[in-house]
Each structure stands twice: as structure tokens, then as C-alpha cells.
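If you want the building blocks of each chain, they are given just below.
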Amino acid sequence: VRLVESGGDLVELGGSLKLSCASSPNLFHIYTYYTIAWYRQAPGKQRELVASLTNAGLSNYADSVKGRFTISSDIADNMTYLQMNSLKSEDTAEYFCNARLPLGGHPVDYWGQGTQVTVSP
């Protein structure tokens, strides 16, 4: 499975941005069970989970983004999104799309190449 992110940009403090992630092939049509997620990694820091969404529709958010970010998916269009509002300087990072899929009875992680989000003061 190949994941491709887009939508990263330079945005002003307090602004909004929407990230997109497309999978190839369409994982929503192939897998019954999956978790899709967005992670981010700032310079000098470890990669951290931002938000995740399961096939059952259960979402989970990092405390730092609750109430500001929303993860969603469009199965028909084969897209996963991360809507980011009220952006803060600490949101500046490389954002990665992730899919955790059951392969051979074990969960396997797939990653995109990342898209840069920079929040300017």
C-alpha cells in the first residue's frame, strides 16, 4: 500500500489547513479492518500520534490537538483528511499519513513520505 500526503503549507498563526492522504490501491475497498492515522515529527523530536480513525469509526486525538483537529475519511474517494484549525506554532512539523493493516494475522504499518506544515507567528 502506498500513501501519498498533500496539503502541507506555510500558514499564519491561528489559521487553518487541511491535509489529504490518498492510498494506492484503495485500502478501504480491500481491508475490512484498519486504522488510519496522522503522525507528526518536529525537528529534534520524536514522531508523535496526532489523530487516528478505525474502520469502526472510532477516533482518537492527542491532547494537544483535541478540539482543533479533525480526522476523517472519504471511502468513495479513497482519501483521509486532517482538518487543522486554530493552528499554533507548536503544530509546526512534518506530518505523516499512516495505515495499520492486518497482514498475515499481524498488524503492519504503512507510511507516506510526509508533508511539511509550518505555522508562522
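Above this text is the structure in question.
Calculation criteria
Residues numbered from 1 in each chain as written. Predicted model: local features only at pLDDT ≥ 70, side-chain atom pairs only at ≥ 80, totals over all residues. Heavy atoms only, no water. Core = buried A, V, L, I, M, F, W, Y, C linked by side-chain atoms within 4.5 Å. Buried < 20%, exposed > 50% of the residue type's maximum accessible area, 1.4 Å probe, protein only. Helix = DSSP H or I, 4+ residues; strand = E, 2+ residues; numbered from the N terminus. Disulfide = S-S within 2.5 Å. Salt bridge = Lys/Arg side-chain N within 4 Å of Asp/Glu carboxyl O.

Participant: So what about the nonpolar core? Which residues, and what values?
Facilitator: Of all hydrophobic cores here, the largest spans 30 residues; its most connected members are Leu 27, Trp 38, Leu 82, Met 84 and Tyr 95. Every element with two or more residues in this core is listed here: β3 (17-24), α1 (27-30), β4 (35-41), β5 (48-54), β7 (69-74), β8 (79-84), β9 (93-103) and β11 (115-120). Top element by residues in this core is β9. It accounts for 5 residues.

Participant: Could you give me a rundown of the state of the cysteines, with the residues and numbers involved?
Facilitator: The tally for this structure, following the rule as stated, stands at 1 disulfide. In this model, Cys 21 is linked to Cys 97 through a disulfide, with the two sulfur atoms separated by 2.1 Å. In this structure, the disulfide formed by Cys 21 and Cys 97 twists by about -85° around the S-S bond and is classed as left-handed. Of this pair, Cys 21 sits in strand β3 while Cys 97 sits in strand β9, placing them 76 residues apart in sequence. Assessed through its relative accessible area of 2%, Cys 21 is described here as buried.

Participant: Give me the pattern of salt bridges: which residues, what numbers.
Facilitator: Going through the model one piece at a time under the given rule, you end up with 5 salt bridges. Residue Arg 40 pairs with Glu 48 through a salt bridge whose shortest N-O separation is 2.7 Å. On the accessibility criterion, Arg 40 (5% relative accessible area) is buried. Between Arg 100 and Asp 109 there is a salt bridge whose closest N-O contact spans 2.9 Å. Several salt bridges converge on common partners, so that one network encompasses Arg 40, Glu 48, Arg 68 and Asp 91.

It is worth stressing that arrangement in space is one thing and function is another; only the former is reported here.
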